[in-house]
Amino acid sequence: MRRKEFLALSSLGFLGISCGISGRHSYQKNMAIQLYTVRDSISKDLEKTLEKLAYLGFKNLEIYGYNGRFFGKTKSEFQTILKNNGLQVISSHHTTGRTDLHDGTLLQNWEQTLEDLNFIGATYAVCSYLPEAERTIEAYQKLPEILENKGKISKQNGIQLAYHNHDFEFLKMNDENNFYDFILKNTSSDLVKMELDLYWISKAGLDPLVYFEKYPNRFPLWHVKDMKAETKDFTEIGNGTVDFKKIFEAKEKAGLKHWFLEQDSSDKDIFESISMSTKYIKENGFFFK
């Protein structure tokens with residue numbers, strides 16, 4: 001790392017986090033981040049961004065935006081960058097392809113996507129987001145079949161499919177279900193797992209523990225991010241209202257395997273926000289027990 005970058009990290013307090021303990025990566029061997037958090041930095045320089053994250057102690061990644069290439073890189077180029085920084089991709093975000101017609105979606109060239117994810121060592125592929133046009137009752141009624149079919153193909157190719165929520169899935173679909181429950185009830189617990197976003201379910205006013213009890217072992221992936229009390233905006237982990245201690249105490253019931261730090265936006269420099277979140281994570285070791 002060049003001296004200028006070293007000083008920049010130091011000014012944000014990163015060196016105290018990374019080096020104020022017994023060695024790099026020592027407090028959390030598998031600390032992970034969803035790269036959407038640093039998308040602006042990635043758009044400027046992918047390699048420097050990943051180098052910085054690795055220096056801060058991140059080992060595992062969840063990626064986004066695959067469209068036949070990884071952030072504009074071939075799979076071989078991207079894999080080399082990962083190896084150079086000691087990074088591993090655990091999971092990758094994808095849309096359905098019903099309205100966004102490009103490669104890398106569930107309905108467009110999915111087998112090639114799975115082949116490329118296998119090449120870089122990923123083990124999960126996640127349906128990440130439904131555009132507004134896909135949030136009609138008719139569209140939701142067809143969604144479980146899409147997830148089931150692509151989940152089966154994914155499983156056959158060594159990848160576990162999962163579904164990531166926002167808050168709109170918790171709107172009522174009918175007298176019996178919200179849309180999220182409809183997806184859970186109409187997909188196989190083996191073929192379609194869930195990536196629970198703790199911010200969005202909290203913003204919707206629902207309790208993750210209720211879902212862990214109703215659907216045990218269905219939630220191997222989590223997005224860990226916090227919510228401001230007054231505005232409900234995104235904030236650093238530990239600065240908001242989400243009761244992470246209570247949620248993490250139920251991780252075995254949930255079936256948690258991996259969780260990713262994420263912050264969609266910040267009123268600070270995003271790396272300062274990451275610094276604050278990782279400091280809170282380190283100080284609350286219950287995350288890693």
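Described in the following lines is the structure provided in the data block. These numbers come from a predicted model, not from an experiment. (Residues numbered from 1 in each chain as written. Predicted model: local features only at pLDDT ≥ 70, side-chain atom pairs only at ≥ 80, totals over all residues. Heavy atoms only, no water.)

## Concerning the pattern of salt bridges
Next up, step 1: What the rule picks out here adds up to 13 salt bridges.
Next up, step 2: In this structure, K155 engages D190 in a salt bridge whose closest nitrogen and oxygen atoms are separated by 3.2 Å. Of the two residues, K155 is situated in helix 7 (residues 137–156) and D190 in the loop between helix 8 (179–185) and strand 6 (192–197); the sequence distance between them amounts to 35 residues.
Next up, step 3: D190 gets classed as partly exposed once you look at its relative accessible area, which sits at 39%.
Next up, step 4: A salt bridge links K225 to D264; the shortest N-O distance between them is 2.5 Å. Remark: D264 occurs in the loop between strand 10 (258–261) and helix 13 (270–283) and K225 occurs in the loop between strand 7 (221–224) and strand 8 (226–227); sequence separation between them is 39 residues. In this pair, the class of K225 matches that of D264, namely buried. (Salt bridge = Lys/Arg side-chain N within 4 Å of Asp/Glu carboxyl O. Helix = DSSP H or I, 4+ residues; strand = E, 2+ residues; numbered from the N terminus. Buried < 20%, exposed > 50% of the residue type's maximum accessible area, 1.4 Å probe, protein only.)

## Brief notes about the packing of helix 6 (residues 110–120) against helix 7
Next up, step 1: Contact geometry of helix 6 with helix 7 gives a least axis separation of 10 Å together with a crossing angle of 40 degrees. It follows that helix 6 is oblique to helix 7 by the angle criterion. Considering the relative orientation of helix 6 and helix 7, their crossing is right-handed. For the pair helix 6 and helix 7, contact is made by W110, E111 and L114 and by K150, I153 and S154, respectively.
Next up, step 2: For the contact of helix 6 with helix 7, a count of residues per class yields three nonpolar, one polar and two charged. (Axes fitted to C-alpha atoms, helices over the stretch in contact; angles between N-to-C directions. Parallel < 35°, antiparallel > 145°, perpendicular 65-115°, else oblique. Left-handed = near helix turned anticlockwise from the far one by under 90°. Contact = heavy atoms within 4.5 Å. Nonpolar A, V, L, I, M, F, W, Y, C, P; charged D, E, K, R; others polar.)

## So, the pairing of strand 5 (residues 160–164)
Next up, step 1: Counting buried residues in strand 5 gives five out of five residues, a clear majority hidden from the surface.
Next up, step 2: When strand 4 (residues 124–127) meets strand 5, the two strands line up parallel, connected through four bridges. For A125, the partnering residue across the bridge sits in strand 5 and is L161.
Next up, step 3: Following the backbone out of strand 4, through helix 7 and into the adjacent parallel strand 5, one traces a crossover that is right-handed. (Pairing = 2+ DSSP bridges. Right-handed = clockwise from strand over helix to strand, strands pointing away.)

## Brief notes about the pairing of strand 7
Regular strands show a simple pattern: their side chains alternate between the two faces of the sheet.
Next up, step 1: Of the two faces of strand 7, the one carrying L221 and H223 and the one carrying W222 and V224 are both buried.
Next up, step 2: Relative to strand 7, strand 6 runs parallel, the two sharing three bridges. Its bridge partner being in strand 7, L196 is matched across the sheet by W222.
Next up, step 3: Pairing geometry for strand 7 and strand 10, over four bridges, is parallel. Looking across to strand 10, one finds that H223 is bridged to F260.

## Overview of unusual backbone geometry
Next up, step 1: The residue F71 is not glycine, and still its phi comes out positive at about 55 degrees.
Next up, step 2: Along the chain, F71 falls in the loop between strand 2 (60–63) and helix 5 (75–84).
Next up, step 3: In the Ramachandran plot, N109 falls in the positive-phi region, its phi being about 60 degrees despite a non-glycine side chain.
Next up, step 4: Within the element layout of this structure, N109 appears in the loop between strand 3 (88–94) and helix 6.

## Things to note about the layout of surface pockets
Next up, step 1: Considered as a void within the structure, the largest pocket measures approximately 360 Å³ in volume.
Next up, step 2: Lining the largest pocket we find 21 residues, and of these Y36, Y64, H93, S128 and Y129 sit closest to its centre.
Next up, step 3: Residue classes in the lining of the largest pocket are distributed as five nonpolar, 11 polar and five charged. (1 Å grid on protein atoms, 1.4 Å probe; cavity = no way out; pocket = protein on both sides within 12 Å on 5 of 7 lines; lining within 4 Å. Points joined across faces, edges and corners; volume = space filled by probe spheres on them.)

## Some points on the nonpolar core
Next up, step 1: Judged by nonpolar contacts, the single largest core of 77 residues is most densely connected at L35, L50, F78, F219 and W222.
Next up, step 2: Contacts of L50, omitting those with residues within four sequence positions, involve L35, L61, F78, I81, L82, N85 and L87.
Next up, step 3: The next biggest cluster of nonpolar side chains, apart from the first, holds seven residues, and it includes A32, I90, V126 and F260. (Core = buried A, V, L, I, M, F, W, Y, C linked by side-chain atoms within 4.5 Å.)

## A short note on the packing of aromatic side chains
Next up, step 1: In the structure shown here, the tally under the stated rule is 18 aromatic pairs.
Next up, step 2: Relative to Y64, the ring of Y36 has its centre 5.8 Å away and its plane inclined at 85 degrees; by these criteria the two rings are edge-to-face. In this pair, Y36 sits in the loop between strand 1 (32–34) and helix 3 (39–44) while Y64 sits in the loop between strand 2 and helix 5, placing the two residues 28 residues apart along the sequence.
Next up, step 3: On the numbers, 4.8 Å between centres and 85 degrees between planes, the contact of Y199 with W200 is edge-to-face. (Phe/Tyr/Trp six-rings, centres within 6.5 Å; stacked < 30°, edge-to-face > 60°.)

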